[in-house]
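Okay, here's what each chain looks like letter by letter:
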Amino acid sequence: MGYIAPVNNEAALNYGNRMVENEPAIAKVDKIPATLFPPVREEDERNAYRHEQEMDVMTKRREIEQTLYGKGRQFDVDV
């Protein structure tokens, strides 16, 4: 019979010496909370003249701004 020299298996030694971790290596990502939408008011949905009312308010606001700041008067006179 022949002589078999003792040989250390590096892979087996490294595998046996590994430390077992209690926590996973990849951290868990929390879930994204659900979005909450504000409640829709029923009176706005049923008001068919809401757009016209907003336009009236906007034109009145522009008229007040022109009287206070004088913007637009010079341009309108020249045209």
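In short, a report on the structure.

Cut-offs used in this document
Residues numbered from 1 in each chain as written. Predicted model: local features only at pLDDT ≥ 70, side-chain atom pairs only at ≥ 80, totals over all residues. Heavy atoms only, no water. Helix = DSSP H or I, 4+ residues; strand = E, 2+ residues; numbered from the N terminus. Buried < 20%, exposed > 50% of the residue type's maximum accessible area, 1.4 Å probe, protein only. Areas by Shrake-Rupley, 256 points an atom, 1.4 Å probe, with all protein chains shown as cover. Expected span 1.5 Å × (residues − 1). Patch = residues over 30% accessible without salt bridge, like charges linked within 9 Å, V, L, I, M, F, W, Y side chains within 5 Å. Salt bridge = Lys/Arg side-chain N within 4 Å of Asp/Glu carboxyl O.

For the rest of this paragraph, the subject is the overall build of the chain. Each helix and strand in the chain was counted, giving 4 helices and 0 strands. Reading the chain from its N end, one meets helices and strands in the order α-α-α-α. Relative to its full complement of 79 residues, the chain shows a buried share of 0%. Approximately 9100 Å² of the chain is accessible, and the part contributed by carbon and sulfur atoms is 56%.

Attention now moves to helix α3 (residues 50–69). Between its terminal C-alpha atoms α3 stretches 28 Å, which fits the 28 Å expected from 20 residues at 1.5 Å a residue. Immediately beyond the C-terminal end of α3, within one or two residues, lies glycine 70, with a positive phi of roughly 75°.

Moving on, we get to a nonpolar patch on the surface. A cluster of nonpolar side chains, Ile64, Leu68 and Tyr69, forms an exposed patch at the surface whose accessible area comes to about 360 Å². Following the sequence through the fold, isoleucine 64 ends up in helix α3. For isoleucine 64, a relative accessible area of 41% gives the class partly exposed.

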